Amino acid sequence: MTDLSSAPATRTILLAEDEVFIRMPIAKHLRECGYRVIEAVTAHEAIDVLDHADFAINAVITNLALAGDGFGIAKWVREHRPELTVLLTGTPERSVDVAAGLCRESSGRGAVDPQLLLRRIRWLLANRNRPVPGRGAQRAV
Amino acid sequence: MNRAPDGRVAPNDTPRHVVMVVEDDIWIRLMISDELRGAGFEVIECGSADEAIDLLRGGTRVSTVFSDIRLPGSINGLGLAKTVRQEFPDLPILLASSDLPRDDSTLHDGFFAKPYDPRTIVEAIRSVVARNGSGASPLPLHDRFKQRSGDPYDPAG
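Just so we're clear, the structure is a prediction, and the values are computed from it rather than from any experiment.

About the thresholds
Residues numbered from 1 in each chain as written. Chains lettered and ligands numbered in written order. Predicted model: local features only at pLDDT ≥ 70, side-chain atom pairs only at ≥ 80, totals over all residues. Heavy atoms only, no water. Helix = DSSP H or I, 4+ residues; strand = E, 2+ residues; numbered from the N terminus. Buried < 20%, exposed > 50% of the residue type's maximum accessible area, 1.4 Å probe, protein only. Contact = heavy atoms within 4.5 Å. Areas by Shrake-Rupley, 256 points an atom, 1.4 Å probe, with all protein chains shown as cover. Axes fitted to C-alpha atoms, helices over the stretch in contact; angles between N-to-C directions. Parallel < 35°, antiparallel > 145°, perpendicular 65-115°, else oblique. Left-handed = near helix turned anticlockwise from the far one by under 90°. Nonpolar A, V, L, I, M, F, W, Y, C, P; charged D, E, K, R; others polar. Core = buried A, V, L, I, M, F, W, Y, C linked by side-chain atoms within 4.5 Å. 1 Å grid on protein atoms, 1.4 Å probe; cavity = no way out; pocket = protein on both sides within 12 Å on 5 of 7 lines; lining within 4 Å. Points joined across faces, edges and corners; volume = space filled by probe spheres on them. Salt bridge = Lys/Arg side-chain N within 4 Å of Asp/Glu carboxyl O. Right-handed = clockwise from strand over helix to strand, strands pointing away. Pairing = 2+ DSSP bridges.

Overview of the overall build of chain A
Here is step 1: Each helix and strand counted, chain A has five helices and four strands in total.
Here is step 2: For chain A, the residues scored as buried account for 50% of the 141 residues in total.
Here is step 3: By sequence separation, contacts in chain A at least 24 residues apart represent 72% of the contacts at least 6 residues apart.
Here is step 4: A total of about 6400 Å² of accessible surface is found on chain A, and carbon and sulfur atoms cover 52% of it.

Comments concerning the environment of A:Ala74
Residues and elements named next belong to chain A.
Here is step 1: One can find Ala74 in helix α3 (residues 70-80).
Here is step 2: We classify Ala74 as buried; its relative accessible area is 19%.
Here is step 3: Other than its neighbours up to four places away in sequence, Ala74 contacts Val86 and Leu88.

Things to note about the packing of helix α1 (residues 26-38) of chain B against helix α4 (residues 118-131) of chain B
If you want to describe how two helices pack, look at the angle between their axes and the distance between the axes.
Residues and elements named next belong to chain B.
Here is step 1: Interhelical geometry of α1 versus α4 gives an angle of 50° and a closest axis separation of 9 Å. With respect to each other, α1 and α4 are oriented oblique. Crossing hand, α1 versus α4: right-handed. Touching Met31, Ile32, Glu35 and Leu36 of α1 are Pro118, Arg119, Ile121, Val122 and Ile125, all from α4.
Here is step 2: Broken down by class, the residue content of the contact of α1 with α4 amounts to seven nonpolar, no polar and two charged.

So, the nonpolar core
Here is step 1: One finds B:Met20, B:Val22, B:Leu55, B:Val65 and B:Leu80 to be the most contacted residues of the largest nonpolar core, which totals 28 residues.
Here is step 2: Elements represented by at least two residues in this core include exactly α1 (20-32) of chain A together with β1 (18-22), β2 (42-46), α2 (49-57), α3 (77-87) and β4 (93-97) of chain B.
Here is step 3: Setting aside chain neighbours within four positions, we find B:Val22 in contact with B:Cys46, B:Ser48, B:Ala49, B:Ala52, B:Val65, B:Phe66, B:Ser67, B:Asp68, B:Leu71 and B:Leu80.
Here is step 4: In this structure, A:Ile13, A:Leu30, A:Cys33 and A:Leu118 belong to the second largest nonpolar core, which totals 19 residues.

So, empty space enclosed by the protein
Residue and element names in this part refer to chain A.
Here is step 1: Under the counting rule described, the total for this entry stands at one cavity of 30 Å³ or more.
Here is step 2: As a volume, the largest cavity reaches approximately 30 Å³.
Here is step 3: Of all the elements in the fold, those that place two or more residues in the lining of the largest cavity are β1 (12-16), α1 and β3 (59-63).
Here is step 4: For the lining of the largest cavity, the class distribution of residues is five nonpolar, three polar and one charged.

Focus on unusual backbone geometry
Here is step 1: Residue B:Lys114 is joined to B:Pro115 through a cis peptide bond whose omega torsion reads -5°.
Here is step 2: Locating B:Pro115 in the fold gives a position in the loop between β5 (111-113) and α4.

What about the pattern of salt bridges?
Opposite charge on two side chains permits them to pair, given that their charged atoms come into close proximity.
Here is step 1: Taken as a whole and assessed by the stated rule, the structure comprises 19 salt bridges over all chains.
Here is step 2: Here B:Glu51 ties to A:Arg23 by a salt bridge, and the two come within 2.7 Å at their closest N and O atoms. Of this pair, B:Glu51 sits in helix α2 while A:Arg23 sits in helix α1, which puts the two residues in different chains. This pair shows no difference in class: B:Glu51 is buried, exactly as A:Arg23 is.
Here is step 3: The salt bridge partner of B:Asp109 is B:Arg85, with a shortest N-O separation of 3.3 Å. Residue B:Asp109 is found in the loop between β4 and β5, and its partner B:Arg85 is found in helix α3; the two are separated by 24 residues along the sequence.
Here is step 4: Note on B:Asp109: relative accessible area 33%, which makes it partly exposed.

A word on the pairing of β2(B)
Here is step 1: Across the five residues of β2(B), four count as buried, placing the element largely inside the fold.
Here is step 2: Traced from β1(B) through α1(B) to β2(B), the parallel crossover comes out right-handed.

Regarding the sheet that holds strand β2 (residues 36-40) of chain A
Residue and element names in this part refer to chain A.
Here is step 1: A sheet is described by the order of its strands in space; here four strands give the open sequence β2-β1-β3-β4, paired in parallel fashion. Two strands in the sheet have a free side with no partner beyond their single neighbour: β2 and β4 (85-89). Taken over all neighbouring pairs, the strand axes of this sheet differ in orientation by 20° on average, direction set aside.
Here is step 2: Strand direction decides the pairing type here: β1 and β3, joined by four bridges, are parallel. Bridge assignment links Leu15 to a residue of β3, and that residue is Ile61.
Here is step 3: Helix α4 (residues 92-105) contacts β1, β3 and β4 of the sheet and is inclined by roughly 145° relative to β4.

Below you can see the structure in the form of structure tokens.
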């Protein structure tokens, strides 16, 4: 199991999440806790990074419902990088739990309140694609 | 412009502006995002124009958009630029591609041929941000919500 509790500024987390309204605040939260965060949008991207990165990756956070199969990432890691910690998510609540747990382990500064983070994610998800008043009507593109 | 010993643009006097990077190649996205963060910018990473538009329409505050033209999804970078021009006319957008775009330059605030030096992109974004003042992105929805309710993210209000 990877030790994530020391020197968080030098620790890198691969965050695989295809819902941008979850990925963006979680990534920001982890960076504020001192981690370097690599954002992958698909399982293919995540495995590409794991397989070819010339820098150390210390843990993987992946959404089970990720495009391309989040379980596939966990299986790939188990087969090829068994020393890596894989943290599975699937809901905004679980994603925040995972991120909050990592931030508690770090000595990072200014960690965001997990409950505030969760409320922010829920709010973003509820309001996605809402047109911005005064900026023109939403268009089909 | 200041440079760190490793050649990166130094972060010393850069305000905390938010740059939206739209790029489907994770290695290029990582390279340009790292360079921008190293220069003091906050970066929002998107793998497609659809993600970028979702965030912008959701009220995410952005100072500048930097987008590839060839992108997966329902629209490409040119479609994103058109949407930005129509719905967020004060928001600067820079485009990059290995091919020259067919459309005229009114769609964007700068074009960069691939492969590009990420330091060139940082310098260009710094110039655009400086020209644009504090950035002209829409007030985030959660900020407007905060003005009304005091709690920025409580859906119940």
